[in-house]
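Given next are the chains, with one letter for each unit.
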Amino acid sequence: MKRFKRFVLNKRKGWLMGIAIYQLLGAIVLLILMVTILSAQPEISGGVIFAVIPMIALSLVSIMAGIFYFIKGKELKFYTLSKLNLCAQLLQLTIPPGFTFIYYYGPYFALGINGHTLAIRFETLTANFNFSIGGQEEGLVVLFNCVPLLILIILRWIERNKTAPTGFDNSFVDGPRQEATPQEV
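Residues numbered from 1 in each chain as written. Predicted model: local features only at pLDDT ≥ 70, side-chain atom pairs only at ≥ 80, totals over all residues. Heavy atoms only, no water.

Trainee: Please explain the overall build of the protein as it appears in this structure.
Mentor: Along the backbone of the protein there are six helices and four strands. Along its sequence from the N terminus, the protein presents helices and strands in the succession α-α-α-α-β-β-β-β-α-α. Contacts spanning at least 24 positions in sequence make up 72% of the contacts within the protein whose residues lie at least 6 apart. With the model as given, the accessible surface of the protein reaches about 11400 Å², and the carbon-plus-sulfur share is 68%. (Helix = DSSP H or I, 4+ residues; strand = E, 2+ residues; numbered from the N terminus. Contact = heavy atoms within 4.5 Å. Areas by Shrake-Rupley, 256 points an atom, 1.4 Å probe, with all protein chains shown as cover.)

Trainee: Looking at this structure, how should I read the pairing of strand 4 (residues 141–145)?
Mentor: The side chains of a regular strand alternate, first on one face of the sheet and then on the other. For strand 4, the tally of buried residues reaches four of five residues, placing the bulk of the element in the interior. The sheet contact formed by strand 1 (residues 91–95) and strand 4 spans four bridges and is antiparallel. If you follow Leu91 over to strand 4, its bridge partner there is Phe144. (Buried < 20%, exposed > 50% of the residue type's maximum accessible area, 1.4 Å probe, protein only. Pairing = 2+ DSSP bridges.)

Trainee: When you look at the pattern of salt bridges in this model, what are you seeing that I'm missing?
Mentor: Where charged atoms from two side chains of opposite charge come close, those side chains can pair. With the rule as written, the count across this model stands at two salt bridges. Across the pair Lys83 and Glu159 runs a salt bridge, and its minimum N-O distance is 2.8 Å. With Lys83 in helix 4 (residues 75–90) and Glu159 in helix 5 (residues 146–160), the pair connects residues that are 76 residues apart, well separated along the chain. The exposure class of Lys83 is partly exposed, given its relative accessible area of 23%. Where Arg156 meets Glu159, a salt bridge forms, and the shortest distance between an N and an O atom there is 3.1 Å. Of the two residues, Arg156 and Glu159 are both situated in helix 5; the distance of three residues between them amounts to about one turn of the helix. On the basis of relative accessibility, which here comes to 35%, the residue Arg156 falls in the partly exposed class. (Salt bridge = Lys/Arg side-chain N within 4 Å of Asp/Glu carboxyl O.)

Trainee: Explain the packing of aromatic side chains to me, please; I cannot follow it from the model alone.
Mentor: Note on aromatic pairs: each is described by the distance of the centres and the angle between the planes. Here the structure, examined in full by the defined rule, presents ten aromatic pairs. When the centroid spacing of 5.9 Å and the interplanar angle of 65° are considered together, the rings of Phe4 and Trp157 count as edge-to-face. Of this pair, Phe4 sits in helix 1 (residues 2–10) while Trp157 sits in helix 5, and the two are 153 residues apart along the sequence. Looking at Phe4, the relative accessible area reads 28%, which means it is partly exposed. Measuring from ring centre to ring centre gives 5.3 Å for Tyr69 and Phe70, while their planes differ by 80°; the resulting arrangement is edge-to-face. Accessibility expressed as a relative area gives 12% for Tyr69, which makes it buried. Members of the aromatic cluster, joined through ring pairs, are Phe4, Phe7, Trp15 and Trp157. (Phe/Tyr/Trp six-rings, centres within 6.5 Å; stacked < 30°, edge-to-face > 60°.)

Trainee: How do you make sense of helix 2 (residues 12–40) when you look at a structure like this?
Mentor: Residues that lie three or four places apart on an α-helix share one face, since the helix turns once every 3.6 residues. Here helix 2 is 29 residues long and its end C-alpha atoms lie 42 Å apart, about the 42 Å a rise of 1.5 Å per residue gives. Every buried residue belonging to helix 2 is among Arg12, Leu16, Ile19, Ala20, Tyr22, Gln23, Leu24, Gly26, Ala27, Leu30 and Met34, and all of these are buried. (Expected span 1.5 Å × (residues − 1).)

Trainee: Sorry if this is basic, but what is going on with the pairing of strand 1 here?
Mentor: Both strand 1 and strand 2 (residues 99–114) contribute to a ladder of three bridges, which runs antiparallel. From the neighbouring strand, Leu93 faces strand 2, where its bridge partner is Phe101. Where strand 1 hands over to strand 2, the hairpin turn is made up of three residues, counted between the paired strands.

Trainee: Would you mind going over the packing of helix 3 (residues 46–72) against helix 4 with me for this structure?
Mentor: What describes two packed helices is the angle between their axes and the distance between those same axes. Orientation of helix 3 relative to helix 4, taken along the N-to-C sense of each, is 155°, at an axis distance of 8 Å. By the criterion of interaxial angle, the relationship of helix 3 to helix 4 is roughly antiparallel. Our pair here, helix 3 against helix 4, has a crossing hand that is left-handed. Here Leu58, Val61, Ser62, Met64, Ala65, Phe68 and Tyr69 of helix 3 lie close against helix 4, whose contacting residues are Glu75, Lys77, Phe78, Leu81, Ser82, Leu84, Asn85 and Ala88. In terms of residue class, the contact of helix 3 with helix 4 is built from ten nonpolar, three polar and two charged. (Axes fitted to C-alpha atoms, helices over the stretch in contact; angles between N-to-C directions. Parallel < 35°, antiparallel > 145°, perpendicular 65-115°, else oblique. Left-handed = near helix turned anticlockwise from the far one by under 90°. Nonpolar A, V, L, I, M, F, W, Y, C, P; charged D, E, K, R; others polar.)

Right, here's the structure in full:
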């Protein structure tokens, strides 16, 4: 694990860029799915609106995290919003007699219990949002998604091990940083 941590810290900019792209693409896919599903509905009920509001909110948090990283260069806000969004993806929960919460995008590798058995689930390139209050046929399901857990660990390592800013930090927004010469001071 120490070797992986060292690898992550040596390539921190690439990891942060990858996480920001992962969140932007995931949010965009979820919003496209939401628009597609809602446009196919002949009539939209209050229950559908109730389920769509958290999906829009979580997608907007993910988009804002990407904006803060790429456009504004605000890493602290990026860390905060990313962790909020990834924490929402950690847990898949179904409690009888009628509560379900599932939210994830991208690869999904989950471990947990499904009723009375150990469950392992794996999917790739998917997006899912399910929030419902009502009758389900399943028993108790508690699954922990390992992909956002790994991303949270990586974000925490990078956040705790900051480096001194270089001349190219935030150059996407401001251009390269110019160092003051002794004559200017």
